[in-house]
Amino acid sequence: MSLILCLLLSAFYFQDVTLTAYTASVEECGKADGITASGTKATQGRTIAADHLPFGTLVEINGHFYTVEDRFGGGYTNKIDIYFDNYADAINFGRQQRIVRVYY
């Protein structure tokens, strides 16, 4: 079954969240190996961190699908951090307030 068909058959809800960006740097993560809290390798265009959503949850942000693979560790309930490969892209992304679609 295709991802699109699976998503059409899935339940979802909307959530208003603050979006930020991060990289796999020692300054941000305390280590630089790029291994997420779920054990996957952080990948730009796929990996997001969210304390309030189970690992593997799909989240649609601006028409792009991401997977919860990491955590903040601060217990946030309305914040999502998007992984970027390089610091300049993460800084460029900044902080944004968006309504996202969460699939469960």
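Here the structure is shown first, and the text comes after it.
To start, this report covers the structure provided alongside it. (Residues numbered from 1 in each chain as written. Predicted model: local features only at pLDDT ≥ 70, side-chain atom pairs only at ≥ 80, totals over all residues. Heavy atoms only, no water.)

## Let's talk about the sheet that holds strand β6 (residues 96-103)
The strands that make up a sheet are held in pairs by hydrogen bonds between backbone atoms, and each pair lies either parallel or antiparallel.
In step 1: Overall, mixed pairing links the six strands, which are arranged β1-β5-β2-β4-β3-β6 in a closed barrel. Each neighbouring strand pair of the sheet contributes to a mean axis angle of 45 degrees, computed without reference to strand direction.
In step 2: When strand β1 (residues 12-22) meets β6, the two strands line up antiparallel, connected through eight bridges. Following the sheet pairing, F12 is matched in β6 by Y103. (Pairing = 2+ DSSP bridges. Helix = DSSP H or I, 4+ residues; strand = E, 2+ residues; numbered from the N terminus. Axes fitted to C-alpha atoms, helices over the stretch in contact; angles between N-to-C directions.)

## Looking at the nonpolar core
In step 1: Formed by 17 residues in total, the largest nonpolar core has its most connected members in L19, I48, V59, I61, I80, I82 and V100.
In step 2: Counting residues per element, this core draws most heavily on β1, which supplies three residues.
In step 3: Excluding residues that lie within four positions of it along the chain, V100 makes contacts with Y13, F14, Q15, V17, V59, E60, I61 and I80. (Core = buried A, V, L, I, M, F, W, Y, C linked by side-chain atoms within 4.5 Å. Buried < 20%, exposed > 50% of the residue type's maximum accessible area, 1.4 Å probe, protein only. Contact = heavy atoms within 4.5 Å.)

## What about the layout of surface pockets?
In step 1: Within this model, the largest pocket holds a volume of roughly 240 Å³.
In step 2: Together, 18 residues line the largest pocket, and Y22, E28, C29, D70 and R71 are the ones closest to its centre.
In step 3: Looking at the lining of the largest pocket, the elements with two or more residues in it are α2 (26-29) and β5 (79-83).
In step 4: Across the lining of the largest pocket, the residue classes tally to 10 nonpolar, two polar and six charged. (1 Å grid on protein atoms, 1.4 Å probe; cavity = no way out; pocket = protein on both sides within 12 Å on 5 of 7 lines; lining within 4 Å. Points joined across faces, edges and corners; volume = space filled by probe spheres on them. Nonpolar A, V, L, I, M, F, W, Y, C, P; charged D, E, K, R; others polar.)

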